[in-house]
Amino acid sequence: MSTNSTYTEVPGVQTTIGTSILETATAAIQGFGPVNKIHQHQCAFHFYSYDMTRQLEAHHFCAHQNEEMRQCLIYDSPEDNAKLIGIEYIISENLFLTLPDEEKRLWHSHEYEVKSGLYFMPGVPGPIERKDMENVCKTYGKVYHFWQVDKGDTLPLGIPQLMMSLTRDGQIYDELVQSCAKRMGKDFEKERKNREYMTGPTHGIHPLANGGGKGLKTKLREVELKDYPAPPSATRVYV
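About the thresholds
- Residues numbered from 1 in each chain as written.
- Predicted model: local features only at pLDDT ≥ 70, side-chain atom pairs only at ≥ 80, totals over all residues.
- Heavy atoms only, no water.
- Core = buried A, V, L, I, M, F, W, Y, C linked by side-chain atoms within 4.5 Å.
- Buried < 20%, exposed > 50% of the residue type's maximum accessible area, 1.4 Å probe, protein only.
- Helix = DSSP H or I, 4+ residues; strand = E, 2+ residues; numbered from the N terminus.
- Contact = heavy atoms within 4.5 Å.
- Pairing = 2+ DSSP bridges.
- Phe/Tyr/Trp six-rings, centres within 6.5 Å; stacked < 30°, edge-to-face > 60°.
- Lys NZ or Arg CZ within 6 Å of the ring centre and 35° of its normal.

Here the focus is the nonpolar core. Ranked by size, the top nonpolar core spans 15 residues in total, and within it Phe 45, Leu 118, Phe 120, Met 164, Leu 166, Cys 180 and Phe 188 carry the most contacts. At the level of secondary structure, the elements contributing two or more residues to this core comprise β1 (40-48), β7 (161-164) and α7 (174-184). It is α7 that contributes the most residues to this core, four residues altogether. Non-local contacts of Phe 45, meaning those with residues more than four positions away in its chain, are made with Leu 56, Glu 57, Glu 113, Leu 118, Met 164, Ser 165, Leu 166, Ile 172, Leu 176, Val 177 and Cys 180. Membership of the second largest hydrophobic core comes to 11 residues, among which are Cys 62, Tyr 119, Val 136 and Met 198.

Below is the structure:
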């Protein structure tokens, strides 16, 4: 069982031996190129963009698309039975500045959470970790969570919600930090001192990032469903 406080049991029949055998067989035959590119485990804290009181620990498993973009699968813990709760895209300052202004509001800065030590790579020696954090410190991220595990949901209910990251001291709950520090064997205050030399985006944190200082909530609305005719080339089957 996960030691993360957001752990809940997913309803359903336990995986059978037959399913395990099938998975073993398909794993020997199929390729998993996109997943096999994942070579980093990073941990940080997210909060719902419209409600800063809803905070949780987020484990990122990331792969680089190139030097200016990486993409991450987000789980509620690093355990084998962890739930896939969201995704994050991380881009360089250069790419962020090319985004339309409305889009910029959906992205958050990483400078504070990196320099505070609260964004880290579990189990990685400090000098190696800090080498990558120097780069992350200058980036922006866009996160959506699909599974509201902080509410105790046992299934991914509702629509995806935009998440944000910490931007200053006093925002995160101390018990959340202490719980993570104990489980991950991390001294955040010591790491904060080790990262004092790091710098954020060259042009400073963009004023439209981090929601432009406002809360943002994803909402579902009904629209007219247009009945487009099938293209002439479409195959028609008559019964």
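Let's shift gears to the pairing of β1. β1 sits mainly inside the fold: nine of its nine residues count as buried. Burial along β1 is two-sided: Gln 40, Gln 42, Ala 44, His 46 and Tyr 48 and His 41, Cys 43, Phe 45 and Phe 47, pointing in opposite directions, are all buried. Both β1 and strand β2 (residues 51-66) contribute to a ladder of nine bridges, which runs antiparallel. Counted as the bridge partner of Cys 43 is His 59 from β2.

Enumeration over the complete set of coordinates arrives at four aromatic pairs. Aromatic side chains Phe 96 and Tyr 140 sit 3.8 Å apart centroid to centroid with 10° between the ring planes, which places their arrangement in the stacked category. Placement of Phe 96 in helix α3 (residues 93-96) and of Tyr 140 in strand β6 (residues 140-145) is noted, with a sequence separation of 44 residues between them. On the basis of relative accessibility, which here comes to 1%, the residue Tyr 140 falls in the buried class. Positioned above the aromatic ring of Tyr 50, the side-chain terminus of Lys 217 is 4.6 Å from the ring centre.

Relative to the assigned elements, Gly 126 resides in helix α6 (residues 126-136). On the basis of relative accessibility, which here comes to 21%, the residue Gly 126 falls in the partly exposed class. Sequence separation between Gly 126 and Asp 227 is 101 residues; the distance between their C-alpha atoms is 57 Å.

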